4 protein chains.
Amino acid sequence: MILSCTAKLVRKGGGKVIKVGVVGGTGYTGVELLRLLLKHPQVELRVITSRAEAGLAVADLYPNLRGFTDLTFTEPDPQVLSECDVVFFATPHGVTQSLLPPLLQAGTRIIDLSADFRLRDAELWAQWYGQAHGCPEWLPQAVYGMPETNREAIKEAQLVACPGCYPTAAQLALLPLLENNLVEPESLIVSAASGVTGAGRQAKVDMLMAEASDNFKAYAANGHRHLPEIEQTLRDNQPAGASPVQVTFVPHLLPMIRGIHATTYARALNAERLPDIQELYLQRYADEPFVDVMPLGSHPQTRSVKGANMCRISVLRPQMRDTIVVLSVIDNLTKGASGQAVQNMNIMFGVEEATGLDIVPLLP
Amino acid sequence: MILSCTAKLVRKGGGKVIKVGVVGGTGYTGVELLRLLLKHPQVELRVITSRAEAGLAVADLYPNLRGFTDLTFTEPDPQVLSECDVVFFATPHGVTQSLLPPLLQAGTRIIDLSADFRLRDAELWAQWYGQAHGCPEWLPQAVYGMPETNREAIKEAQLVACPGCYPTAAQLALLPLLENNLVEPESLIVSAASGVTGAGRQAKVDMLMAEASDNFKAYAANGHRHLPEIEQTLRDNQPAGASPVQVTFVPHLLPMIRGIHATTYARALNAERLPDIQELYLQRYADEPFVDVMPLGSHPQTRSVKGANMCRISVLRPQMRDTIVVLSVIDNLTKGASGQAVQNMNIMFGVEEATGLDIVPLLP
Amino acid sequence: MILSCTAKLVRKGGGKVIKVGVVGGTGYTGVELLRLLLKHPQVELRVITSRAEAGLAVADLYPNLRGFTDLTFTEPDPQVLSECDVVFFATPHGVTQSLLPPLLQAGTRIIDLSADFRLRDAELWAQWYGQAHGCPEWLPQAVYGMPETNREAIKEAQLVACPGCYPTAAQLALLPLLENNLVEPESLIVSAASGVTGAGRQAKVDMLMAEASDNFKAYAANGHRHLPEIEQTLRDNQPAGASPVQVTFVPHLLPMIRGIHATTYARALNAERLPDIQELYLQRYADEPFVDVMPLGSHPQTRSVKGANMCRISVLRPQMRDTIVVLSVIDNLTKGASGQAVQNMNIMFGVEEATGLDIVPLLP
Amino acid sequence: MILSCTAKLVRKGGGKVIKVGVVGGTGYTGVELLRLLLKHPQVELRVITSRAEAGLAVADLYPNLRGFTDLTFTEPDPQVLSECDVVFFATPHGVTQSLLPPLLQAGTRIIDLSADFRLRDAELWAQWYGQAHGCPEWLPQAVYGMPETNREAIKEAQLVACPGCYPTAAQLALLPLLENNLVEPESLIVSAASGVTGAGRQAKVDMLMAEASDNFKAYAANGHRHLPEIEQTLRDNQPAGASPVQVTFVPHLLPMIRGIHATTYARALNAERLPDIQELYLQRYADEPFVDVMPLGSHPQTRSVKGANMCRISVLRPQMRDTIVVLSVIDNLTKGASGQAVQNMNIMFGVEEATGLDIVPLLP
């Protein structure tokens, strides 16, 4: 193999170069970020940190990257990181909060894939994450990184909080109904399921293949951390005067690697005068590069977005009764995490939004 | 290997002998029936028919049965079948209707695993199954084979219609709420998922491993044939005067072999005065050998019932809001089909209900 | 659910009662042992120990056992264990050696599923397991628990060392060729593959479903601990004067839960005068209850033995050239571990060998 | 979604444009070809044919292609096809032979992914494929499309026969040993395993997920069609005077979607004087863009090449005995079929060989 030969081919191309750092690149969102960044024509990946794996070549941990990079994990160094144009945090929650302030003060832009800045309310955050928030003073600066609702704010943001995987799928599914006040806000149900990469790369018995394969179960049905995030976003997008949404959210663990499927249910407020909801969705997402409203009667499949920064949505009204069903799928590691992070980067740096993300999903 | 040596070991034991025939034993419910019947201590399996495979040794089609039987598939012969005490039909819908009448007239008892006699209303059946019902005159005789609601009627029945797999899981999950009129009847949602054996053993492209594995999708969300069955059963068990239930039912295809998981949602009618629903479920199923109400806060897993005639149920009330969530799991081929059929046989013939069904689920 | 009701059904039946203890029952061979022992008609399971889980109800760790036992894990107590007729050790290697001597001195019979007593040579053991053997003085007492070669010795043994999973599959495949000196002893190749339960229930990153599913790889190809065991057994069964076998053994990790498949290759010594090897295998295993020689041209599937104490074997001679191929499959947890352990117990206690093991494999 | 927006981004770029047609694009190698061709910066995909699906939009059959193409399957039309610079045949064997001659006569270049022109000997072909060869007169023209041995001939070829998937993996693993006459030619063993996409997209019962998942088996062990192809290639690359290789080839079916793993065994001819084989392999493949010799002691994983045109190889000599083990992995649909086809196209048209193929494998 000619080391790195292939990587260089595409890396060129005109346009500005964005100097990028990654903090905490050993997990699954980390390797997914690397997959995307190493082929992004305007990115120069300068540093990737990991306390646990410092000194290890990235390609020794992730053999799929052999030939594409000769980077080595290093200890996080604020000086080095602050010389980047943008630093991605692909860390567990709680870690961002300690490393972040010096970088923000140095003017570095941050794209945070962790949960640290998704909730605006520090107390709500503390309640769901079981610890006090480490730097609540930066919460007001954070912009929720969902391009489909926040594109303008993202352009100028210094600190972008990337949405969670379940929230991405659920919110894209339900937003058009809420924005137009078409459903009872207390009736919302999100019955969603995730592949095992959603649990990260930690060694846990219940994520062993012998435990998780050929099996299906709900988990955290009494309260998952993505619930307050979903409710916050949906409430933000309700028209004035609407009573605030309440969501019943039940996540499930799928015996597969990648993908989230959200089956969402909402009761029509005024079933007889419901507009054409298929048309409503088509229009709402007509200009969105990464939301695909499927033809009437379709059922989106998780594999149709594998490895791609895409959300596919189908809208149904079974038996023409009062309950509307919206189905959505994403790849939890791509549109649900690292792909959306790169999409945010493109927006922040004025690069064409689909750059580096125009990937054909891998099927079969 | 000593042919059949092991099978004989357990076959003896006291008690009556039930002469059994199976029509259509080549599908997955067929081989599951054989697995159970060949080890049932009071069953003498006399004949198994298949037009397509007549002449083939059963163990040549299903290598797991090598050493347990030397039966060969034969053409269905009403004379031979009518000499059995009971005949199981493990056939696609529509087939039962043509073979059944002569057997019923001969006094043979029938346990039908197909959909032919599940709906009482021939017109409703025709509407959902796309053909006229072949012997509507026998519909009034059919007893719906759900022991948990119909045990007494099953004892005397000549014709038992075994419930569908989704209906078994959904009904056991929701019955206690409906029987006690605790929830809004129009609010019911059944978000359920099935392993691929639910689609049978037909060669279909979308059931290929290359299509169905590492994937998840909803299907038939606009109307699945199990919907009217679920509504019929739940309505039968509502108290007088309650408005009839309406169910939104979305089935999904799981990348696994066996198992159904139903996540059901219902809105409390009178949330402030809701009784202790965990206690309600424990009492409702206290005497049921094959329904297991799990401890508070549990999430049942499909693998915990693999190969066993068991339904495990958990009841939750997330955030103590008004929506109740009931989770249930079954093995679609066992409690969802062939195991329940054997349970019905035991009830019909006065045999201890768990005979031949006291199987430890295979885990991991 | 009626607690334990079903378990009692079968537990009775005539014959002696064997009092059984299990040390280290929390792993996969542990739960598989419980599945078998709890339904064994002549076993009274008295105690199951686990230092890590002492105090936990067995059914809380393994939900498939709900309703079948109310045993709780306890600290290992030599006094309690020595009151059993037989104690199974389902522990990692090295543990047996410390707990075993007092039990052996008390006259308790031991069935050891660990690797501690499989190799007769303490130095060879130390070399492969990276530690000194803890009680080499008991090595001469240990009987290798492979009924197909050692049945008579097992009957009288106080200490039985159950074969490893790969060795069981490989040895049953190759024994008839070696016993009859039909192949070049240095030409043996065992290309084998195991489901992930072979790696046990420890939390390891490379056994996560996100790592091990949709993937295949060899491992330990430069030297796996089962290699000296395979060579020892095969050499024991060569005729006098034959040059000792040398095996090239490459294990692989399969993206499935249970099952071992061994593809073994050997070069005929005298290809022109090779006897009918299909007939040779049929005769060699004619009286073995748990070895099934498949029809000519068959390919055994791992799923055909899922959950069952069975080894299926096919013999081929591709292109009628000089290389013989023998394929064998077992369930690594059953015939490859706990089922074989129960088979050994039956032999030791004069119980019909198939008692408690006449299980139809779960297919599909 | 903005239809096709993303596709256009990359399609530009300088350099010549290759007009491409695809015959038979509905199978798995077809959709894989489309995935690669639609993103190839120098390809203009003009036509894709399918008799069965004529009139259907490609993106309706393969939802992963939504937004990347608005092509529709058409009936194969020799006129339209002959206007292409190159036509790929992704058809079952036997089909190429009838459509090919008019295109060849028109001067169109052909890359055939079927088996029709892989064997030089029409009689050998007929014997293994069970039918007479349809156009043996073109066999002498066909160049075997393995760049690692035939690059120069491919440049000029009008008709390239792409290697089979197993042969690609086996040949790359064994070639350096054979080229240097280091091993006994009759001792070669290829124990290989393929994901289910290797069987194509035909609806067959034994490829259903319920049959093929959680299972492993050998198949066609008595003679697989890839055997003569492997032997032909290896013999072509032996030094003059060496006795011709004989391969024992046993393929297995893996419960996963993509990937081939070959475990190959060969006996050293002169074990004491064996050169450093790791070094030998490193040098042999030093200039190959798509062969990666892994570090000593590695075990390549199929997932490390998922979706990529890469072969990773490890060389071992267990126990320093005389049997050499070489492990190789490819993605059967990419380096084993469509990726290699595109690599051949690049060579034929003087385009940088890695163009359109510099894809990071999708992991996890």
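Just so it is clear, the structure is predicted and the values come from calculations on it, not from any experiment.

**Student:** It is not clear to me how the relation of the copies chain B and chain A should be interpreted in this structure. Could you clarify?
**Tutor:** Turning one copy of the chain about an axis and sliding it along that axis gives the other copy, so a rotation and a shift relate them. After a rotation of 180° and a shift along the axis of 0.0 Å, chain B superposes on chain A with an RMSD of 0.0 Å. The superposition operator between the copies reduces to a two-fold rotation axis. When C-alpha distances to the rotation axis are compared across chain B, the minimum falls at Pro255 of chain B, with a value of 3.2 Å. When you check the interface residues of chain B against chain A, 100% turn up at the interface there too, and the contact is symmetric in its surfaces.

**Student:** Explanation requested: the sheet that holds strand β1 (residues 18–23) of chain A in the structure shown.
**Tutor:** Whether parallel or antiparallel, the strands of a sheet pair through hydrogen bonds between backbone atoms. With parallel pairing, the 6 strands of this open sheet are ordered in space as β2-β1-β3-β4-β6-β5 (chain A). Edge positions in the sheet fall to β2 (43–49) and β5 (143–144) of chain A, since each has one partner strand and no second.

**Student:** For this particular structure, what's the right way to read the packing of helix α8 (residues 165–179) of chain C against helix α10 (residues 226–236) of chain C?
**Tutor:** Residues and elements named next belong to chain C. For the pair α8 and α10, interaxial distance at closest approach is 10 Å and the crossing angle is 30°. The pairing of α8 with α10 is recorded here as roughly parallel in orientation. Here the hand of the crossing between α8 and α10 comes out right-handed. The segment α8 lies against α10, with Cys165, Tyr166, Pro167, Ala170, Gln171, Leu174, Leu175 and Leu178 engaging His226, Glu229, Ile230, Thr233 and Leu234. A breakdown of the residues in the contact of α8 with α10 according to their chemical character gives 9 nonpolar, 3 polar and 1 charged.

**Student:** Teacher, can you tell me more about the domain arrangement of chain A here?
**Tutor:** Reports often express the size of an interface as the amount of accessible area lost when the parts come together. Residue and element names in this part refer to chain A. Per the domain assignment, the segments making up chain A are domain 1 (10–141) and domain 2 (166–332). Relative placement of domain 1 and domain 2: their C-alpha centres are 27 Å apart. With 14 residues of domain 1 at the interface, the matching set in domain 2 holds 14 residues. Contact between domain 1 and domain 2 buries roughly 1300 Å² in total, counting both sides, with carbon and sulfur atoms accounting for 51%. If you sort the residues of domain 1 by the area they bury against domain 2, Tyr28, Arg118 and Trp128 come out on top, with a joint share of 45%. Between the two partners, domain 1 and domain 2, sit 3 salt bridges. Here Asp236 ties to Arg120 by a salt bridge, and the two come within 2.9 Å at their closest N and O atoms. The interface formed by domain 1 and domain 2 includes 7 residue pairs in polar contact (both at pLDDT 80 or more). Those elements giving two or more residues to the side of domain 1 that touches domain 2 turn out to be α2 (28–37) and α6 (122–129). For the side of domain 1 that touches domain 2, the class distribution of residues is 7 nonpolar, 3 polar and 4 charged.

**Student:** Explain the pairing of β1 of chain A here, please?
**Tutor:** Each regular strand shows side chains that alternate between the opposite faces of the sheet. Residue and element names in this part refer to chain A. For β1, the tally of buried residues reaches 5 of 6 residues, placing the bulk of the element in the interior. One ladder, built from 6 bridges, connects β1 with β2; its direction is parallel. Residue Val20 lies in a different strand from β2, and its bridge partner there is Leu45. Viewed along the sheet, the connection from β1 through α2 into β2 turns out right-handed.

**Student:** Would you take a moment to explain the relation of the copies chain C and chain D for this structure?
**Tutor:** Superposition of chain C onto chain D requires a rotation of 180° combined with a translation of 0.0 Å along the rotation axis, giving an RMSD of 0.0 Å. Residue by residue, 100% of the interface of chain C is reproduced at the interface of chain D, so both copies engage with the same surface.

**Student:** Before we go on, may I ask you to explain helix α6 (residues 122–129) of chain B in this structure?
**Tutor:** Spacing of three or four residues puts side chains on the same side of an α-helix, whose turn is 3.6 residues. Residue and element names in this part refer to chain B. Among the residues making up α6, those that are buried are Trp125, Trp128 and Tyr129. Burial along α6 is one-sided: seen end-on, the buried residues are contained in an arc of 85°. Along α6, exposed side chains directed more than 90 degrees from the buried face belong to Glu123 and Gln127. Looking at the buried positions of α6, the neighbouring elements they touch are α5 (96–105) and α10 (226–236). Where α6 begins, one side-chain oxygen reaches toward the backbone nitrogen of Glu123, 2.8 Å away; that side chain belongs to Asp121. Following α6 by one or two positions, Gly130 adopts a phi angle in the positive range, close to 70°.

**Student:** Mind showing me how you'd approach the interface of chain C and chain D here?
**Tutor:** Listed by partner, the interface residues are 50 residues for chain C and 50 residues for chain D. In total, about 4100 Å² of surface goes out of reach between chain C and chain D, with carbon and sulfur atoms giving 51% of it. Here chain C is connected to chain D by 6 salt bridges. With its nearest N and O atoms 2.5 Å apart, the salt bridge here joins Glu211 of chain D to Arg303 of chain C. Our count for the chain C to chain D interface comes out at 32 residue pairs in polar contact (both at pLDDT 80 or more). Listed by contribution, the elements that provide at least two residues to the side of chain C that touches chain D are β7 (188–194), α9 (209–212), β8 (217–218), α10, β9 (247–253), β10 (260–267) and β13 (323–330) of chain C. Classifying every residue of the side of chain C that touches chain D gives 24 nonpolar, 16 polar and 10 charged.

How each quantity is defined
- Residue numbers restart at each chain and count upward from 1, following the sequence in its written direction.
- Chains carry letters from A onward and ligands carry numbers from 1 onward, assigned in written order.
- In keeping with the predicted nature of the model, local features appear solely for residues at pLDDT of at least 70, side-chain atom pairs appear and are counted solely at 80 or more, and the whole-chain, interface and lining totals rest on all residues.
- Side-chain numbers come from the whole structure's heavy atoms, not from hydrogens or water.
- We place the copies in one frame by least squares, fitting the C-alpha atoms of every residue whose pLDDT is at least 70 in both.
- When checking whether two residues touch, look at their non-hydrogen atoms; a contact exists if any pair is within 4.5 Å.
- Between any two strands, at least two bridges found by DSSP are needed for them to pair.
- Segments assigned H or I by DSSP are reported as helices when at least four residues long, segments assigned E as strands when at least two residues long, and all are numbered from the N terminus.
- Angular values range over 0 to 180 degrees, each being the angle between N-to-C directions of two axes fitted as lines to C-alpha atoms, with helices fitted over their stretch in contact.
- Note on terminology: angles under 35 degrees are roughly parallel, angles over 145 are roughly antiparallel, angles of 65 to 115 are roughly perpendicular, and the others are oblique.
- Helix crossings fall into two classes, left-handed where the near helix is turned counterclockwise from the far one by less than a right angle and right-handed where it is turned clockwise.
- Residue type decides the class: Asp, Glu, Lys and Arg count as charged, Ala, Val, Leu, Ile, Met, Phe, Trp, Tyr, Cys and Pro as nonpolar, and the leftover types, Gly among them, as polar.
- In this entry, domain limits derive from an automatic or database-based domain assignment.
- By buried area we mean the combined loss of accessible area, with a 1.4 Å probe, across both parts when two parts are placed together.
- By convention in these notes, a salt bridge is any Lys or Arg side-chain nitrogen within 4 Å of a carboxyl oxygen on Asp or Glu.
- Each polar contact in these results corresponds to two N or O atoms within 3.5 Å; when the atoms are within protein, one needs to be able to donate a hydrogen and the other to accept it, and residues that are neighboring in sequence are counted only if both atoms are side-chain atoms.
- We call a residue buried when its accessible area falls under 20% of the maximum for its residue type, exposed when it is over 50%, and partly exposed in between, using a 1.4 Å probe and counting protein chains only.
- Crossover handedness is defined by viewing with both strands directed away from the observer: a clockwise path from the first strand over the helix to the second marks the crossover as right-handed.
- The arc in question is traced by the directions running from the helix axis to the C-beta atoms.

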